[in-house]
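Topology and contacts: notes
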Amino acid sequence: MRHALAISVGKAARWAAMRRGGGSAAPGLLAERIDPGFLRATLGDLPYGVVVVSGTNGKTTTTKIVVELLQSQGLRVFTNRTGSNFSRGVVASLLGEIDLRGRLAADIAVLELDEAHAISFIAAVPPRYCLLLNVMRDQLDRFGEIDHTARLLHKIAAATQDTVVVNGDDPRIGVPAFAADLSARVRTFDTDPSLHRLFPSDDALYSDTAQDIPTAPTGPPINADDTRLISIEDHTAVFGFAGQAHTVQLQLEGVHNFLNAAAAIALTRAVVGDRLDTPALLRALAAVKPAFGRGETIMVDGQPVELVLVKNPAGFRLSLASFDPTGVATMIVINDDYADGRDVSWLWDVSFERLRHTGVAMVSGHRCWDMGLRLHYDQVGFDAVEEERGPALDAFLAAHPDGRKRIFVTYTAMLQIRDLLGQRAYVEARVS
């Protein structure tokens, strides 16, 4: 009775939220309050169980890749597509998928979960698989210090029943000590040593400032159960698994997404096992497009505008290394809302010298002056500063009507700019 009431009330609340044009997680919170066992009742009996994807960087894109790879293997997949990575966000997504009896037409659930909020989720639904991406200094105003984040990920791993897939290059979660007391199998994804400087750990962030991309593999073969990113050249990546090298031309932008792809391959292999259809997996991987705001391109006036999410030093550094600024008008929007992290001093841990020759056309966001000061100290010129995102975007587009444009954004800034770009593109499409 309680579960049926939660479904009815939650679906009604979700319908009302959608009528208002929102993707609110409030219906999920309401359903959970009516039935605290909602998640277990809905997800507890899936044939392949639940996959939890967590870590500091790459959760949204990696989850998207995992979903598409598992679908290529014939599995019906439920996921929290909205990117709301709290338990109530998962419940809100479920309300849109289940029928009035609470039945979910899926074989497996793949869920992106915030490191801290995953703890309450796994208490309700122990995952069968988990994929742990990395540990970086991100939002330390929330987590306190970096080893606490690693301990949160260890709790997820300890609750996992079948297989834990971890980043073998991460010095906090890819080491034997992390896995020593786990009951689940442990599999890894990693990079060839020739690529290590492209993917610095949090501790090694200052070890190398080179921006070139090495392509000659130097590492030894890996265990057949594990997965390795062997080499990168432009949009082409070579992945090693099951004793073979596989070359894929990717649509994803940014070198960090090549590593996310390796993580997704490793997880898919763990789930599917010996039944893996490798050609179907590689075709699906080649077809994956960026998640919204993560290297996504929106066409405005027939010209491409790229959105690149940046939220910590390592991520910003990788994005700057991945995208050539030559011939591209650049805008940077830095907010300090709760979802971004209140402390933006991390900007001082990023080198912006790559933008020195091209400069930045517009700086915006709540902390635009902090960003402008940081650029000044790296001798990067900028044309204008405007705190309000709407006027800043209009001025940026007007000043650069032709050619490619790229906007680096923190999380809430990404949502705002994407919405503004969508409105502008929609209005122009109607006029034309």
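Residue positions within a chain follow its written sequence, with the count starting from 1. Since the coordinates come from a predicted model, pLDDT governs what is reported: local features require at least 70, and pairs of side-chain atoms require 80 or more to be given and counted, while whole-chain, interface and lining totals use all residues. Heavy atoms from the whole structure form the basis of all side-chain values; hydrogens and water molecules are not counted.

**Concerning the environment of Gly49**
In plain terms, the rule: Strands are runs of DSSP state E lasting at least 2 residues, helices are runs of H or I lasting at least 4, and numbering of each runs from the N terminus. Contact between two residues is taken to exist if any of their heavy atoms lie within 4.5 Å; hydrogens are not considered.
Structurally, Gly49 can be placed in the loop between α3 (38-43) and β1 (50-54). Taking the C-alpha atoms as reference points, Gly49 and Val125, separated by 76 residues in sequence, lie 9.3 Å from one another. Excluding residues that lie within four positions of it along the chain, Gly49 makes contacts with Asp107, Ile108, Ala109 and Arg128.

**What to know about the sheet that holds β1**
Filter applied, for reference: Two strands are said to pair when DSSP picks up at least two bridges between them. Axes, fitted as lines to C-alpha atoms, cover a helix only where it is in contact. Angles between the N-to-C directions of the axes lie from 0 to 180 degrees.
Taken in spatial order, the nine strands make up an open sheet running β2-β3-β1-β4-β5-β6-β7-β8-β9, and their pairing is mixed. Each of the sheet's edge strands pairs with one partner strand only, and the pair in question is β2 (77-79) and β9 (244-249). Averaged over all adjacent pairs, the angle separating strand axes in this sheet is 20 degrees, with direction ignored. Sheet topology note: the β1/strand β3 (residues 108-112) ladder contains four bridges and is parallel. Paired with Val51 across the bridge in β3 is Val110. Contacts from helix α4 (residues 59-72) reach β1, β2, β3 and β4 (129-132) within the one sheet, and its direction differs from that of β3 by about 165 degrees. Along the sheet, helix α11 (residues 278-287) contacts β8 (236-241) and β9; its crossing angle with β9, the most-contacted strand, is approximately 30 degrees.

**Some words on the pattern of salt bridges**
We count it as follows: Only one rule defines a salt bridge in this text: a Lys or Arg side-chain nitrogen within 4 Å of an Asp or Glu carboxyl oxygen. Note on classification: 1.4 Å probe, protein chains only; a residue is buried when its accessible area is under 20% of the maximum for its type, exposed when over 50%, partly exposed between these limits.
Applying the stated criterion to the full structure yields 15 salt bridges. Note that Glu115 and Lys59 form a salt bridge whose closest N and O atoms lie 3.7 Å from each other. Note that Glu115 is positioned in the loop between β3 and α6 (118-124) and Lys59 in helix α4, a separation of 56 residues in sequence. With a relative accessible area of 3%, Glu115 lands in the buried category. Overall, Lys59 belongs to the buried group, its relative accessible area being 9%. Notably, a salt bridge pairs Lys64 with Glu68, separated by 2.7 Å at the nearest N-O pair. In this pair, Lys64 and Glu68 both sit in helix α4, four residues apart, roughly one turn of the helix. Assessed through its relative accessible area of 26%, Lys64 is described here as partly exposed.

**Some remarks on helix α12 (residues 313-322)**
Counting along an α-helix, one turn takes 3.6 residues, and residues three or four places apart therefore face a common direction. Most of α12 sits inside the fold, with nine of its 10 residues counted as buried. Among the residues making up α12, those that are buried are Pro313, Ala314, Gly315, Phe316, Arg317, Leu318, Ser319, Leu320 and Ala321. If you follow the buried residues of α12, they end up packed against α10 (255-272), β11 (303-309), β12 (328-333) and β15 (404-409).

**What to know about the side chain of Ser194**
Under the convention used in this document: In protein, a polar contact requires one atom able to donate a hydrogen and another able to accept it; more generally it is a pair of N or O atoms within 3.5 Å, and residues adjacent in sequence count only if both atoms are side-chain atoms.
Structurally, Ser194 can be placed in the loop between β6 (185-191) and β7 (227-233). A polar contact of 2.8 Å, which involves the side chain of Ser194, links it to the side chain of Asp192.

**Brief notes about α11**
Within α11, burial applies to Thr278, Ala280, Leu281, Leu282, Ala284 and Leu285. At the N-terminal boundary of α11, the capping side chain belongs to Asp277, with an oxygen 3.2 Å from the backbone nitrogen of Ala280.

**Let's talk about the confidence of the model for the protein**
Note the cut-off: Confidence of the prediction at every residue is given by pLDDT, a number between 0 and 100.
Summing up the model confidence of the protein, the mean pLDDT is 86 and the portion of residues at 70 or higher is 88%. Between the elements of the protein, mean pLDDT differs from a low of 52, seen in helix α7 (residues 140-143), to a high of 98, seen in β4. Every residue in residues 206-211 is under pLDDT 50, and counting partners more than four places away or in other chains gives eight contacts.

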